Amino acid sequence: MQTSDLVEVMVIENANYDFPWTQGIFKDCIKAGYTLRALRLEGTLVGYGVMQIGANEAHILNLCIDKPYSRQGYARFLLALLLDLAQRAGAHTAFLEARPSVPRAISLYQRAGFNEVGLRPDYYDSHNGREDAIVMAKSLTP
Ligand SMILES: CC(C)(COP(=O)(O)OP(=O)(O)OC[C@H]1O[C@@H](n2cnc3c(N)ncnc32)[C@H](O)[C@@H]1OP(=O)(O)O)[C@@H](O)C(=O)NCCC(=O)NCCS
């Protein structure tokens, strides 16, 4: 993902999250040298992933597939790609936070081998106050 992708990224981000990232957050991630990938299907942006790697740990910060392309394996593909990049970069463990109110995301991560390792109370904004985050982890060592 490059800065030139961000107009399209923001359309998908705003359409698929109740509490979307701002364009500035994506710009900061690009500037900071995070691992960002845009998934295009014959030129059309269908989704993206953002990951931070450091100190032998990978942190998946955002993974999104646009609704019209859902349930076709694109998230599974993008997640596998990110985990492969993390492993090649020397990460031993991948972490992410997920909302309990989005069971499809939790199911995606469980099926990819992530386990629940903790809870961050009141981590997210929500329409009814705050929402906890489920912390999930997957070992990347063979
Ligand atoms: C969650 C999300 C990334 C799934 O993307 P997707 O491309 O539809 O997912 P895939 O087709 O690759 O499905 C992979 C697995 O995810 C789970 N899954 C995806 N959609 C699901 C649904 N509607 N209901 C239940 N499980 C679902 C299933 O385990 C599925 O495996 P299966 O098809 O073998 O049952 C997508 O819905 C999305 O971007 N949502 C909005 C943003 C978001 O919440 N991102 C997660 C941030 S933590």
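See above for the structure.
Scope of this entry: the structure provided in the associated data block. (Residues numbered from 1 in each chain as written. Predicted model: local features only at pLDDT ≥ 70, side-chain atom pairs only at ≥ 80, totals over all residues. Heavy atoms only, no water.)

1. Brief notes about the pairing of strand E6 (residues 129-139)
Bridging between strand E4 (residues 93-98) and E6 involves 6 bridges; their strand directions are antiparallel. Its bridge partner being in E6, Phe-95 is matched across the sheet by Ala-137. Bridging between strand E5 (residues 115-126) and E6 involves 8 bridges; their strand directions are antiparallel. When the sheet's bridge partners are listed, Tyr-124 is paired in E6 with Glu-131. Hairpin remark: E5 followed by E6, antiparallel, with 2 residues in the connecting loop. (Pairing = 2+ DSSP bridges. Helix = DSSP H or I, 4+ residues; strand = E, 2+ residues; numbered from the N terminus.)

2. Describing the pattern of salt bridges
According to the stated counting rule, one finds 6 salt bridges in the structure shown. Within this structure, Asp-5, Glu-8 and Arg-40 form a network of salt bridges that share partners. (Salt bridge = Lys/Arg side-chain N within 4 Å of Asp/Glu carboxyl O.)

3. Observations concerning the packing of aromatic side chains
Taken as a whole, this structure holds 4 aromatic pairs when the rule is applied. Ring geometry for Trp-21 versus Phe-26: centroids 5.0 Å apart, planes at 55 degrees, classification tilted. With a relative accessible area of 0%, Phe-26 lands in the buried category. Seen in terms of ring centroids, Tyr-109 and Phe-114 are 5.8 Å apart; in terms of plane orientation they differ by 65 degrees. Their pairing is edge-to-face. The rings of Trp-21, Phe-26 and Tyr-48 are connected pair by pair, giving a single aromatic cluster. For the cation-ring pair, Arg-99 lies above Tyr-124, with the distance from its terminal atom to the ring centre recorded as 4.3 Å. (Phe/Tyr/Trp six-rings, centres within 6.5 Å; stacked < 30°, edge-to-face > 60°. Buried < 20%, exposed > 50% of the residue type's maximum accessible area, 1.4 Å probe, protein only. Lys NZ or Arg CZ within 6 Å of the ring centre and 35° of its normal.)

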